[in-house]
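For reference, the chains in residue letters:
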Amino acid sequence: MEKLHATDVLVIGGGLAGERCAIEAAAAGLDVVLLSVVPPRRSHSCAAQGGMQAALGNCVKAEGDDPTLHFLDTVRGSDWGADQEVARIFADEAPVAVRELAHWGVPWTRVRPGRNTYFVKGEKVEIEESEANAGLIMHRNFGGTAKWRACYASAGTGHAVLYAVDGEVVRLGIDVRERVEATALIHDAGRCWGAVTRCLRTGRLGAVLARATVVATGGHGRIYGQHTTNAIINEGTGTALALDTGRVPLGNMEAVQFHPTGLVPSGILVTEGCRGDGGHLLNRAGQRFMVELEPEKQELASRDVVSRHMMQQILDGHGVDSPFGPHLWLDLCHLGARHLQTKLREVSEICRDFLGIDPADEKIPVRPIQHYSMGGVRVNKDGQAYGLAGLFAVGEASCWDMHGFNRLGGNSLAETIVAGRVVGRRVAEYALAESLEVETALAGRFLSAEHKRVQGWLDRTGGGPSVYDVRDAIAETMVRRVGVFRSGPELERAVEELRQQLDRVERAALRSKAPGMNPELSFALRLRGMARLAYVTALGALARTESRGAHCRTDHPARDDVNWLNRTLAHWPEGASEPVLSYEPVGLLDLPPGDRGYGLSERIDMETSLESYNAGVEAAQRAAGSLPTAEPMGSRMRWRAWEGAPERPTPDRSE
């Protein structure tokens, strides 16, 4: 075992959220250690293509945009599952964050003055961009937004932003430890003190003690196996570590987003920017079905709505048969080769490299696929975890909770930077005010427990299943029973099957017994956490007897604001065989629950007044484990600022 290390701030995860948080702490003069299972420039943030939402209002189709409209879109997109104060903080901070990235060198696509050609709702239009806006950051259209708002760098936005942010990490001299993962959080008496670490090159265990610890390990889409756009490193490691403490709850784990356009058969993401730039979704007959189903937003309704319509087309027999199952088409041919080679270049390269086609000449086979986890480590508006002081979470690993039950495209990439800035400041303030007075014996106990866990896998004998067989069985259950459409009977079967897989984890055996560099052992150490994340996801989905955002119950089609205007919290008490579900209010309500402006879901309206609902929020969240925040609850809310904002057209709900 290696020596113990001490630092001011430990960040677990080297993607955009973790690096941006680390920058804020380092800029405050603190020592920061950042752990990353891959070199940071290879983290999954690099895969983001289409854009980052920020209300700059720089082009004709963005005129009149402001953070209040962004706030409204985010809350409506969440199907009123979001914490509205967090959504407000996010919308207000996003313009600053995007301009800061320009200062750091992100090559944003810029406004070209004069006549420009676009495709809007299937029609080719020409728009005169003002000379006064020449060179400002350009926007493209994304689903669920009232204005063009997504700032982008061709179709490689995540790549460009990640390289710029990592450059700042290098400039500040932050201690980045690549090929190192955390295997357990060190905690005692309601306080987190760092983490046990494991080197993926040598297999050696160590520990880092810290005043503040940040989980920033991204999503957990790999519980859906190959049926996800997520990288293979997105196994929910940090989320599972928080759950394993027995004190920290996970929030809204049943809220799982399926992206409408996953490439068939690889599952690689094809950015929403394709539809934002005028791409069409077609069924087997070549029909643009979204025009009839969503006449106002068409292909740019929110992702949950488009995914459901696409899956229904496939279930109704309108999909295109293929050796890999039925799919639909994404047609970009009419955009032209020049547009595809400039504004959507990465999409062109993906189609060329993985399908051998040119999207300027051929349609792209797509279908909905798991993409994003709205659920994660439940934190307050400062990013501090419920129930465990000194532990923070940021990015997709967290349930901050600005996304509620459906994330709008472009809001996640923006969240990594905005939350990194906001939470990073709170992390710095916390660490500066706290001492590192902890007995090294505590770290020794956790190190000893992890050493026994590793040795237990190496010593296990018998004919148990392979760890990869268990992983694949978990994924099969999640895809078949916890997908775009859900029902009580299917979810009951999912819970039963996942319970069996949890038992199989304890019987699984390794084929390779190498104690050092051993990918099979590394995966085995994460397997129980993945099985638990899948289990609480299915359990939460079964318990939530309504449809809200991406959670669509065919046996409970209405959004129920009487009984379910709340957030699911899942604890897994130490030593318990089952998790415990509880609920808290979604947060203070400024914008009252109403119609989203797209989709055809029914709803049961809340019966209590907003005042009555809001009066109980703070006490209920404190009882659920929320720790005190630097500013009082509601202090960042701009109450009723949305009054007078343009109304969304009410969708035609006639048959």
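Everything numeric in this text was worked out from a predicted model, so none of it was measured.

Quick notes on the rules
Residues numbered from 1 in each chain as written. Predicted model: local features only at pLDDT ≥ 70, side-chain atom pairs only at ≥ 80, totals over all residues. Heavy atoms only, no water. Helix = DSSP H or I, 4+ residues; strand = E, 2+ residues; numbered from the N terminus. Rg over C-alpha atoms; globule rule 2.2 N^0.38 Å. Buried < 20%, exposed > 50% of the residue type's maximum accessible area, 1.4 Å probe, protein only. Areas by Shrake-Rupley, 256 points an atom, 1.4 Å probe, with all protein chains shown as cover. Arc of directions from axis to C-beta. Contact = heavy atoms within 4.5 Å. Pairing = 2+ DSSP bridges. Axes fitted to C-alpha atoms, helices over the stretch in contact; angles between N-to-C directions. Core = buried A, V, L, I, M, F, W, Y, C linked by side-chain atoms within 4.5 Å. Salt bridge = Lys/Arg side-chain N within 4 Å of Asp/Glu carboxyl O. Phe/Tyr/Trp six-rings, centres within 6.5 Å; stacked < 30°, edge-to-face > 60°. Lys NZ or Arg CZ within 6 Å of the ring centre and 35° of its normal. Parallel < 35°, antiparallel > 145°, perpendicular 65-115°, else oblique. Left-handed = near helix turned anticlockwise from the far one by under 90°. Nonpolar A, V, L, I, M, F, W, Y, C, P; charged D, E, K, R; others polar. Polar contact = N/O pair within 3.5 Å; in protein donor to acceptor, adjacent residues only side chain to side chain.

(A) The arrangement of the overall build of the protein in detail. When you go through the protein residue by residue, the secondary structure sums to 17 helices and 23 strands. Taken over C-alpha atoms, the radius of gyration comes to 24 Å for the protein, in line with the 26 Å a tight globule of 655 residues would show. Taken along the three principal axes of its C-alpha coordinates, the protein extends 70 × 50 × 50 Å. Counting only residues that meet the buried cut, the protein has 63% of its 655 residues in that class. Of the roughly 23400 Å² of accessible surface on the protein, a fraction of 50% belongs to carbon and sulfur atoms.

(B) Inspection of helix α10 (residues 345–355) at higher detail. The complete set of buried residues in α10 reads V347, S348, I350 and C351. Viewed along the axis of α10, the buried residues span an arc of 160°, placing them on a single side of the element. Each element contacted by the buried residues of α10 is listed here: β13 (256–263), α6 (273–276), α9 (337–342) and β16 (364–373). Note on α10: the residue one or two positions beyond its end, G356, has a positive phi of about 70°.

(C) The arrangement of the sheet that holds β13 in detail. Taken together, the four strands give an open sheet; going across it, the order is β13-β16-β15-β14, and neighbouring strands pair in antiparallel fashion. The open sheet has two edge strands, β13 and β14 (280–282), and neither has a second partner. Within this sheet the neighbouring strands show an average axis-to-axis angle of 45°, counted without direction.

(D) Highlighting the sheet that holds strand β6 (residues 139–140). Strand order in the open sheet made by the three strands is β3-β7-β6, with antiparallel pairing throughout. Sheet topology places β3 (52–53) and β6 at the edges, where each strand pairs with a single neighbour. Bridge analysis of β3 against strand β7 (residues 150–151) gives two bridges, and the strand direction is antiparallel. Bridged to Q53 within β7 is A150.

(E) Spatial organisation of the nonpolar core. V9, M52, L101, W108, V161, W400 and W457 are the most contacted members of the largest nonpolar core, which totals 117 residues. Here the element with the most residues in this core is helix α15 (residues 519–543); it accounts for 14 residues. One finds C274, L281, M310 and L328 within the second-largest nonpolar core, a separate group that totals 28 residues.

(F) Highlighting the pattern of salt bridges. For the structure on display, the rule yields 56 salt bridges. Here R596 and D304 are joined by a salt bridge, their closest N and O atoms 2.9 Å apart. Here R596 is found in the loop between β22 (580–585) and β23 (602–604), whereas its partner D304 is found in helix α8 (residues 303–315), with 292 residues between them in sequence. The exposure class assigned to R596 is buried, which follows from its relative accessible area of 4%. Take D304: its relative accessible area is 4%, and that puts it in the buried class. A salt bridge links R544 to E546, with the shortest nitrogen-to-oxygen separation between them at 2.8 Å. Owing to a relative accessible area of 0%, R544 belongs among the buried residues under this scheme. Look at E546 and you get buried, because its relative accessible area is 0%.

(G) How the structure looks around the packing of aromatic side chains. All chains considered together, the criterion is met by six aromatic pairs. The interplanar angle of 90° and the centroid separation of 5.8 Å between the aromatic rings of Y224 and F258 together place this pair among those described as edge-to-face. Remark: F258 occurs in strand β13 and Y224 occurs in the loop between β11 (205–215) and α5 (237–244); sequence separation between them is 34 residues. Taking NZ or CZ as reference, R191 lies 3.9 Å from the ring centre of W193, over its face.

(H) View of the packing of helix α14 (residues 488–505) against α15. At a minimum axis distance of 9 Å, the contact between α14 and α15 shows a crossing angle of 160°. Regarding the angle of α14 to α15, the classification is roughly antiparallel. The interaxial crossing formed by α14 with α15 has left-handed handedness. Judged by residue contacts, G488, L491, E492, A494, V495, L498, R499, L502 and V505 of α14 engage L527, R528, A531, R532, A534, Y535, A538, L539, A541 and L542 from α15. Classifying every residue of the contact of α14 with α15 gives 14 nonpolar, one polar and four charged.

(I) Molecular detail of the environment of A160. Structurally, the position occupied by A160 is in helix α4 (residues 157–172). Accessibility expressed as a relative area gives 13% for A160, which makes it buried. Each C-alpha atom of the pair A160 and G81 lies 31 Å from the other, and the pair is 79 residues apart in sequence. Those residues in contact with A160 that sit more than four places away from it in its chain are V106, P107 and A153.

(J) Representation of the environment of R222 within the structure. Positionally, R222 belongs in the loop between β11 and α5. Spatially, the C-alpha atoms of R222 and L172 are 33 Å apart, while their sequence positions differ by 50 residues. The contact partners of R222, leaving out residues within four places of it in the chain, are T228, N230, A231, I232, N234, E235 and M530. Within the structure, R222 has its side chain in polar contact with the backbone oxygen of A231 (distance 3.3 Å).

(K) Main features of the pairing of strand β2 (residues 32–36). Of all five residues making up β2, five are buried, and the element is well covered by its neighbours. Across the two faces of β2 the burial is the same, with V32, L34 and S36 and V33 and L35 all buried. Relative to β2, strand β1 (residues 4–12) runs parallel, the two sharing four bridges. Across the sheet, the residue bridging to V9 is V32, located in β2. As paired strands, β2 and strand β8 (residues 175–178) are joined by four bridges and run parallel to one another. Its bridge partner lying in β8, L35 is registered against R177.

(L) How the structure looks around the side chain of N116. Checked against the element boundaries, N116 lands in strand β4 (residues 114–120). A polar atom in the side chain of N116 sits 2.8 Å from the backbone oxygen of R112. Filtering out sequence-adjacent residues up to four positions away, N116 remains in contact with V125, E126, I127 and E129.

(M) Structural detail: the environment of R426. Its location among the elements puts R426 in helix α11 (residues 411–433). What makes R426 buried here is its relative accessible area of 17%. Residues R426 and Q384, spaced 42 residues apart in sequence, show a C-alpha to C-alpha distance of 8.5 Å. Sequence-distant contacts of R426, that is, excluding residues within four places in its chain, are made with D382, F392, A630 and E631.

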